[in-house]
Amino acid sequence: VILLTAISLFGVQLVASASPDLRNKQLLGVVMGLVLLVILSLMDYSWILNFQWIMYGFNLLMLIGVRLFGSEAGGASRWLDIGGFRFQPTELSKVIIILFFAKFFMDHEDDINTFRVLAESVLLLAVPLALIYAQPDMKNTITVTIIFCILLYIAGLSYKIIGGAILIAVPLLIIFLSIVVQPDQTLIKDYQRTRIMSFLYPENEEYQEDIEQQNNSKTAIASGELVGKKLTGDDQVSSVNAGNFVAENQTDFIFAVAGEEYGFIGCTTLVALLLLISVECIRMSLRAKDLAGKIICCGIGSVVAIQSFLNICVATGLAPNTGTPLPFVSYGLTSLVSLFIGMGLVM
């Protein structure tokens, strides 16, 4: 709770620096999240898991609702507007998928390595995954797939099957990349191909505009040096953040704000807090009373770890621009509250 409160309040401060008018909303999200965390921590997750199929159906209804009534922004329909409140179902969907498979794998603990159980689990994942991909939302499709693989591993998947899957996956990935670099490919959207190409060939003039945001992000992080501009009183002079040179700096590039305003120390503090939260989830999993509890802890910890890794890699130019929020830090009430729900279940 101390770690979550510390990083969330740090996030409120960073959001306020990036966009002052969003500070109160972010603070409201933290308060809502903490309240839900306390409520869920007092409930027995085993009782909640009894409603696994209801949760699965509700998840599908949310994702279908996005397809039918979703609000569009930036060429993608990922949000539902309910009573003036904008909600992104995919963020909550990650938690529901973890809960569903925690119960599913526990019920099939003794035959997890059989073809029937593996096929059933893949098919059950394929339906919500297809709806997420259709938004289109490539980053969350990949994130959910990675989380599912981690859940399978925690459930006791055989190393022989894991090895075989890797031997199949690596050539498929190479084939996939060799196809998407072709100008006339149809596997992914044009903007998704552009992001991959700009990452692979940053020196190409054709992609200079696409990598400008990441270059400005790296400039902002570097300009903060050791302690940042906020602590030295230099935050108004030649500031990348104040000059709005990095778009979406309150969400996808919040790490750039941390780097510029609080320097290396601020960035290291963020990374340390996120790491400690993930490690604490794994430590809790070792004390869980059953396999379902173990899967919930490792699953939620994986969400924090994977999203943190992707967000920071994008902000520092180590990965293509994916638009992944930094857990507990980036602006976005749906993501923030969903993560607190997950942490409440872990507790």
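Each remark here, short or long, concerns the structure printed above.
Described below are features of the structure shown in this document. (Residues numbered from 1 in each chain as written. Predicted model: local features only at pLDDT ≥ 70, side-chain atom pairs only at ≥ 80, totals over all residues. Heavy atoms only, no water.)

**Regarding the packing of helix α5 (residues 89-107) against helix α13 (residues 291-315)**
Thinking step 1. Closest axis-to-axis distance for the α5/α13 pair is 8 Å, and the angle between their directions is 150°. The angle between α5 and α13 places the two elements in the roughly antiparallel class. Both α5 and α13 take part in a crossing whose hand is right-handed. Within the contact between the two elements, α5 uses Glu-91, Lys-94, Val-95, Ile-98, Leu-99, Phe-101, Ala-102, Phe-105 and Met-106 and α13 uses Leu-291, Ala-292, Ile-295, Ile-296, Gly-299, Ile-300, Val-303 and Gln-307.
Thinking step 2. Grouping the constituent residues of the contact of α5 with α13 by class yields 13 nonpolar, 2 polar and 2 charged. (Axes fitted to C-alpha atoms, helices over the stretch in contact; angles between N-to-C directions. Helix = DSSP H or I, 4+ residues; strand = E, 2+ residues; numbered from the N terminus. Parallel < 35°, antiparallel > 145°, perpendicular 65-115°, else oblique. Left-handed = near helix turned anticlockwise from the far one by under 90°. Contact = heavy atoms within 4.5 Å. Nonpolar A, V, L, I, M, F, W, Y, C, P; charged D, E, K, R; others polar.)

**Digging into unusual backbone geometry**
Glycine aside, residues mostly have negative phi angles, and peptide bonds mostly take the trans form.
Thinking step 1. In this chain, Gln-135 is followed by Pro-136 through a cis amide linkage whose omega measures -5°.
Thinking step 2. Positive phi, normally seen in glycine, also occurs at Phe-328, with a value near 65°.

**Digging into helix α1 (residues 2-18)**
Thinking step 1. Taking 1.5 Å of rise per residue, 17 residues should cover 24 Å, and α1 covers 24 Å from first to last C-alpha, within 8% of that figure.
Thinking step 2. Among the residues making up α1, those that are buried are Leu-4, Ile-7, Ser-8, Phe-10, Gly-11, Val-12, Leu-14, Val-15, Ala-16, Ser-17 and Ala-18.
Thinking step 3. Against α2 (23-41), α11 (228-232), α12 (254-286) and α14 (333-346) lie the buried residues of α1. (Expected span 1.5 Å × (residues − 1). Buried < 20%, exposed > 50% of the residue type's maximum accessible area, 1.4 Å probe, protein only.)

**A word on the pattern of salt bridges**
Thinking step 1. A complete count under the given rule lists 8 salt bridges for this structure.
Thinking step 2. Residues joined in a network through salt bridges with shared partners are Asp-111, Arg-116 and Glu-120. (Salt bridge = Lys/Arg side-chain N within 4 Å of Asp/Glu carboxyl O.)

**Quick word on the environment of Asp-190**
Thinking step 1. Among the secondary structure elements, Asp-190 is positioned in helix α9 (residues 190-200).
Thinking step 2. For Asp-190, a relative accessible area of 59% gives the class exposed.
Thinking step 3. The spatial distance from the C-alpha of Asp-190 to the C-alpha of Val-180 is 9.5 Å, given a sequence separation of 10 residues.

**A short note on the environment of Ala-155**
Thinking step 1. Within the fold, Ala-155 resides in helix α7 (residues 138-155).
Thinking step 2. For Ala-155, a relative accessible area of 8% puts it in the buried group.
Thinking step 3. Spatially, the C-alpha atom of Ala-155 lies 31 Å from that of Leu-333, the residues being 178 residues apart in sequence.
Thinking step 4. Setting aside residues up to four positions removed in sequence, Ala-155 forms contacts with Phe-105, Ile-112, Leu-291 and Ile-295.

**Quick notes on the environment of Trp-47**
Thinking step 1. Within the element layout of this structure, Trp-47 appears in helix α3 (residues 45-48).
Thinking step 2. Among the residues examined, Trp-47 registers a relative accessible area of 47% and is labelled partly exposed.
Thinking step 3. When the C-alpha atoms of Trp-47 and Leu-273 are compared, they prove to be 31 Å apart, with 226 residues separating the residues in sequence.

**Description of the nonpolar core**
Thinking step 1. Of all hydrophobic cores here, the largest spans 89 residues; its most connected members are Leu-14, Phe-101, Phe-105, Leu-270, Ile-296, Phe-328 and Met-343.
Thinking step 2. Ignoring sequence-local partners within four residues, the contact set of Leu-14 consists of Ile-254, Val-257, Ala-258, Tyr-262, Leu-270 and Val-329. (Core = buried A, V, L, I, M, F, W, Y, C linked by side-chain atoms within 4.5 Å.)

**Quick word on a nonpolar patch on the surface**
Thinking step 1. On the surface, Leu-9, Leu-27, Val-31, Val-35, Ile-39, Met-43, Trp-47, Phe-51 and Ile-54 cluster together into a nonpolar patch covering about 810 Å² of accessible area.
Thinking step 2. Element by element, the count of residues in the nonpolar patch is highest for α2, at 4 residues.
Thinking step 3. Structurally, Ile-54 can be placed in helix α4 (residues 52-69).
Thinking step 4. Since its relative accessible area comes to 58%, Ile-54 is described here as exposed. (Patch = residues over 30% accessible without salt bridge, like charges linked within 9 Å, V, L, I, M, F, W, Y side chains within 5 Å. Areas by Shrake-Rupley, 256 points an atom, 1.4 Å probe, with all protein chains shown as cover.)

**A closer look at the packing of helix α6 (residues 115-133) against α7**
Thinking step 1. α7 packs onto α6 with a crossing angle of 160° between their chain directions and a minimal axis gap of 9 Å. In this view, α6 runs roughly antiparallel relative to α7, as classed from their interaxial angle. For the element pair α6 and α7, the recorded crossing hand is right-handed. The segment α6 lies against α7, with Leu-118, Ser-121, Val-122, Leu-125, Leu-129, Ile-132 and Tyr-133 engaging Met-138, Asn-140, Thr-141, Val-144, Thr-145, Phe-148 and Leu-152.
Thinking step 2. Residues that form the contact of α6 with α7 fall into these classes: 10 nonpolar, 4 polar and no charged.

**Looking at the packing of aromatic side chains**
How two aromatic rings sit relative to each other is set out by the distance from centre to centre and by the angle between their planes.
Thinking step 1. Within the structure shown, the criterion is met by 14 aromatic pairs.
Thinking step 2. Judged by centre distance (5.0 Å) and plane angle (80°), the ring pair of Trp-47 and Phe-51 falls under edge-to-face.
Thinking step 3. Residue Phe-51 is classed as partly exposed on the basis of its relative accessible area, which comes to 33%.
Thinking step 4. One aromatic cluster is present, built from ring pairs that chain together Trp-53, Tyr-56, Phe-100, Phe-101, Phe-104, Phe-105 and Phe-148.
Thinking step 5. The lysine or arginine in question, Lys-289, covers the ring of Tyr-45, its NZ or CZ lying 5.1 Å from the ring centre. (Phe/Tyr/Trp six-rings, centres within 6.5 Å; stacked < 30°, edge-to-face > 60°. Lys NZ or Arg CZ within 6 Å of the ring centre and 35° of its normal.)

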